[in-house]
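This is what each chain is made of:
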Amino acid sequence: MRCVVQAGTGSPCQNLPMPDAVRRVAVALPRPLPTPFDYRIDADAAASPLRGCRLRVPLGSGEIIGIAVDEAQDANDEALALKPVLERIDETPLLHGELWSSLAWLARYLHAPIGEVLATALPATLRQGAPLPETQAHGWRLSEAGQTALPGLRAGAPRRLAELLAQGVHDEDGLDTRHPGWRTHARSLTRRGLAERIAVDAAVATPTVPPPMLNDEQRAAADAITAHESFAVALLDGVTGSGKTEVYLDAIARTLARGRQALVLVPEIGLTPQMLERFRTRLGVPIHALHSGLAEGERARTWTAALRAQARVIVGTRSAAFVPLPDAGLIIVDEEHDGSYKQFDGIRYHARDFAIVRAKALGVPIVLGSATPSLESLHNAQAGRYTHLRLHHRAGAARPPQVRVIDVRKRPLQAGLGPEAISAIESALAAGGQVLVFRNRRGYAPVLLCHDCGWSAQCRRCDSPMTVHGAGRRLICHHCGAQQPAPPACPQCASLALQPQGNGTERIEEFLSQRFADVPVLRIDRGSTQARDGLQKHLDALGAQPGILIGTQMLAKGHDLANLTLVVVVGIDEGLFSADFRSGEKLAQLLVQVAGRAGRADKAGAVLLQTHHPDHPLLQTLVTQGYHAFADGELGEREAAGFPPFAHMALLRAEAKHADPVMHFLRAAKQGIADVAIEVHGPLAAPMPRRAGYQRMQLILSSPSRAALQSVLDAWVASLYTMPEARRVRWSLDVDPADLY
Ligand code: ADP
Ligand code: ZN
Ligand code: ZN
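In what follows, the accompanying structure is described.

Reading the values: rules and limits
- Every chain is numbered on its own, with residues counted from 1 as its sequence reads.
- For naming, the first written chain is A and the first written ligand is 1, with later ones following in the order written.
- Per-residue local features of the predicted model are confined to residues with pLDDT of at least 70, and side-chain atom pairs are confined, for both listing and counting, to 80 or more; whole-chain, interface and lining totals are unaffected and use all residues.
- Neither water nor hydrogens contribute to the side-chain values; these are computed over all heavy atoms in the structure.
- Helix and strand labels come from DSSP, where a helix needs a run of H or I of at least four residues and a strand needs a run of E of at least two; each type is numbered from the N terminus.
- A radius of gyration in this sense is built from C-alpha atoms; the matching globule rule multiplies 2.2 Å by the number of residues raised to 0.38.
- Accessible area is worked out with a 1.4 Å probe on protein chains only. A residue is then buried under 20% of its type maximum, exposed over 50%, and partly exposed in between.
- Note on definitions: a residue-residue contact is assigned when non-hydrogen atoms from the two residues lie within 4.5 Å.
- Areas reported as accessible are Shrake-Rupley estimates using a 1.4 Å probe. Residue values count occlusion only from the protein chains shown.
- Side-chain rings of Phe, Tyr and Trp (the six-membered ring for Trp) are treated as a pair once their centres are within 6.5 Å; stacked means planes under 30 degrees apart, edge-to-face means over 60, and tilted covers the remaining angles.
- Two strands qualify as a pair provided that DSSP identifies no fewer than 2 bridges between them.
- Angles shown run from 0 to 180 degrees and are taken between the N-to-C directions of axes, each axis being a line fitted to C-alpha atoms and, for helices, limited to the stretch in contact.
- Only nitrogen, oxygen and sulfur atoms qualify as donors, and only when within 2.8 Å of the metal (3.2 Å in the case of Na, K and Ca); with water excluded, sites may look incomplete.
- Any site counts as irregular unless it has four donors with all angles between 85 and 135 degrees, making it tetrahedral, or four or six donors with opposite ones more than 155 degrees apart and the rest between 65 and 115, making it square planar or octahedral.

## Quick word on the overall build of the chain
Argument step 1. If you tally the helices and strands in the chain, you get 22 helices and 31 strands.
Argument step 2. For 741 residues, the compact-globule estimate of 2.2 N^0.38 gives 27 Å, and the chain sits close to it at 30 Å.
Argument step 3. Each principal axis of the C-alpha distribution contributes one length, and for the chain these read about 95 × 85 × 60 Å.
Argument step 4. Split into buried and exposed, the 741 residues of the chain put 51% on the buried side.
Argument step 5. Of the contacts made within the chain by residues no fewer than 6 positions apart, 74% connect residues no fewer than 24 positions apart.
Argument step 6. A total accessible area of about 33300 Å² is found for the chain, and carbon and sulfur atoms account for 52% of it.

In C-alpha cells form, the structure reads like this:
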C-alpha cells in the first residue's frame, strides 16, 4: 500500500514512507524539447532555493545536466514514479536575478526551448557540470622563514625567484609573462616553507597611459552617454577613425569610478590583442576577454569572474552578451551593424538586440557604435527611441579618403585588376605606402569550367559550384566543406581545357606577387590565417614597409594599418544584384568600412572601387553623398516593400534528404496560421535549395506588428512540435532573420 497525501489535508498516513520527503522539480534540459521535464528530488536537497541551479538527471539510458526552472513543488504520490535527480551541483543559483529573467524573455521571444537557451548562456565546462572555477587572483611572497633563509640560499633559479619575491608580492599573471617557468621554482621554495601563495587584489599595478584630450563632439557624446545612470540607448554614429573608441574608454572610466561593471561587445574580428592592450593600459584594470579563441577553462573563468563581480571590464564577442553583470553600469556594442552578432544556428539570438534587452532590465545605459549603423538602429534613432550622437570628423590629423569608381567595362583585366588599379598600386608602393586589395572571395577561382563542353565542377551534395583552391589543384565546397582533387581532365568530354574562372584572393596573390616581386605580398583570409593572433603576427611582420595585403572581410576592420594609403576593391558586382533584401545594406557597410582603412594616420588615403556597373545607384549615392544618404534611400525602399525595420519577420526553415516531406511539413505548418495580421509566404525553396545533401525550403512570416507576430508564434510553434509531419524533417525557427537564407 502506498500513502496518498490528500490535497489540503496535509496529513500523511503513518508508518509508511513519507512522501513529503520527496518533492517534484521541473528541469530544463539542453535538448530541443518544448517544455521542461519533471524529476523527483529529496526534500533536503531542495531545501534552499533551487531555481537556476544545475542538476544532474537521468535521460534515456544516460545522464544529462539540466537547470531547475522553478522551486521544488509539493509532490503527490505520482512524484514517486518520476526519475530522481542524481545530483544537485550548485548550492546557490548559477543563473538568477536579471540574467535569469532576461534569458526567460529570450526563450519566449525566440520561441526556443528554455533548456537550450540556458545552456547557450553558460560556458561549455559549466554546461557540462564542472564546478565553478577559481577566479581569485593570487600572488607570491617570501615567508618569514624565507626572509631569514634568503642570504644562505644556493645560487640558481629558485634563489633568483626568492630575491624577486623578497622585494614584495608578485602576482601570477605578471610572473607568467615576465618569468616563464617560475612555477617549478615556486614549488621548490614552498616545499621548504620559504614562499607562500596569497590572494591578491586583481588590480595590482597595471601601467597606464593618459587619454588624449577629447574633441568637442567626443566630449559631448561621452557626456550624453554618462548623463544618466538609468536605461537609455545611444547610437554613436561616427565615421571610421573619428575616435569612437576614445568615447567608449571615457565612458567606461567613469563607470569604473562609480564602482560599476562595463561590458563591451565587439565583432568576431574586432577583438584583437592590440585592442585589449589599448583598453588595459588606458583603464588601468584587468580586462577580461571572452571569445571563441579562448580555451574552455578560460572562458568559464571569465564568466565566473563576472558573476562574482571580480571582472570589472568584460570585452567579448557575441556570446559575451550572456555574462552575469551583478554590478552593471554600462554596456557598449561596437560595430553594432556587424553580421557576426547574429547566431546562425542553434539558438538564433542577436547579441546586440539581447544586450539592449539586458540594459533595460539592468537599468543601465547602452551605446551602439558604428560608422555604418544598421538600418534598424538608424530607424530607431530617427523615431526618437535612441539618442543620435554624431562624430562627423576623423580625430587627430587623419583626413577622409578619396573614393573613385573605376569603370572596368572593356578594360583588360589581370586577375580581375584593371590597368588603373595596377598603376595606382605601383605609385602607392613607389611612394612608400601600403596597399590593401579587397576581394570578398577566398580561394583561387570561384568556378572550374571546361572550355570545350561547358561542364563545371559542382558539389554533389549542394548543387553549387566548387571553389578552386591551391592554384587549381583542389576543389572545396564553401557551403558544406567537401573537398576533392581537381580532375585532370573534363569528366564529361575528357578535354584537358579545364579553366579556373574568375578570381579569388589566392589568384590575386599569385598575380601581384609576380607583378610586384620586390615587395612583400600577404594574403589574409580564413584560408591563410587560422588564429586570431596569426593575423596580428602577419601585420607585425610587415611593419610599416611598402607592401600589399590581399584580404577578405577579415581585413575590413579592427586592425590599424598606419601606413595604408591605397585600398582597391574588386569583384563587388555580384553584391549589387543579390536578391536578399539586406544585401545592399551589407555591401554599402562593407565598402565604407574597407574604405575607412585607408589613410588612418597623417597620410592621405585613396580608394578605388572597380565595377562593371559604375552607374549603379548604390555606388553613385554612396560615393557622391555618403552612407547616410544611401541609408535614407534604402529605408524608403524597405518601407515601400514592407521589409524590416518596417515589418517583423520569422522564418521557418525545414530540410530533409527528399523534398516531399519538407513540402508536406511546411504546407501543414502554414495551415496553422489563420491570423490576417500575418502574411505567410511559401513554402519556397531556400535561396540555396540543396546543401550537404539536404533539400531546403522555408516559410516566411511577416507582419507590421511585432506583437501580432509574437502572439501568433506562441501557439503556432508549440503546435509544430506535435505535428506528425515534423518527425520526418529537421526544422528550425528564426525570429528576426538576418537574411532569408
Ligand atoms: P574609431 O573607434 O572611431 O575608429 P579611434 O577611437 O580608434 O576611432 O580613434 C582613431 C585614432 O584617432 C586613434 O589612433 C586614436 O588614438 C586617435 N584619437 C581619437 N580621439 C583623439 C583625440 N581626441 N585626440 C587625438 N587623437 C585621437
Ligand atoms: Zn568538357
Ligand atoms: Zn557542398
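## What about the packing of aromatic side chains?
Argument step 1. Taken as a whole and assessed by the stated rule, the structure comprises eight aromatic pairs.
Argument step 2. Both rings, one in W140 and one in W182, keep their centres 5.8 Å apart while their planes meet at 75 degrees; by these two values the pair is edge-to-face. Here W140, found in strand β7 (residues 138–142), pairs with W182, found in helix α7 (residues 182–191); they are 42 residues apart in sequence, far enough to count as distant. Each member of the pair, W140 as well as W182, is classed as buried.
Argument step 3. A ring pair is formed by Y721 and W731, whose centres lie 5.2 Å apart and whose planes are at 70 degrees; its orientation type is edge-to-face. Of the two residues, Y721 is situated in helix α22 (residues 706–722) and W731 in strand β31 (residues 730–735); the sequence distance between them amounts to 10 residues.

## Some thoughts on the sheet that holds strand β21 (residues 474–476)
Argument step 1. The sheet built from three strands is open, its strands ordered β20-β21-β22 with antiparallel pairing. Of all the strands in the sheet, just β20 (467–469) and β22 (483–485) have a single pairing partner and so form its edges. Geometrically, the sheet is characterised by an average inter-axis angle of 30 degrees between neighbouring strands, direction not taken into account.

## Looking at the coordination of the zinc ion (ligand 3)
Argument step 1. For the zinc ion (ligand 3), the full set of protein donor atoms is C459 (SG), C462 (SG), C477 (SG) and C480 (SG), and the range of their distances to it is 2.3 to 2.4 Å.
Argument step 2. Around the zinc ion (ligand 3), the four donor atoms are arranged such that angles at the metal cover 107 to 113 degrees; this shape is classified as tetrahedral.
Argument step 3. In terms of primary sequence, the donors binding the zinc ion (ligand 3) are separated according to C-x2-C-x14-C-x2-C. Placement of the pair is C459 in the loop between β19 (447–450) and β20 and C477 in the loop between β21 and β22, with a sequence separation of 18 residues.

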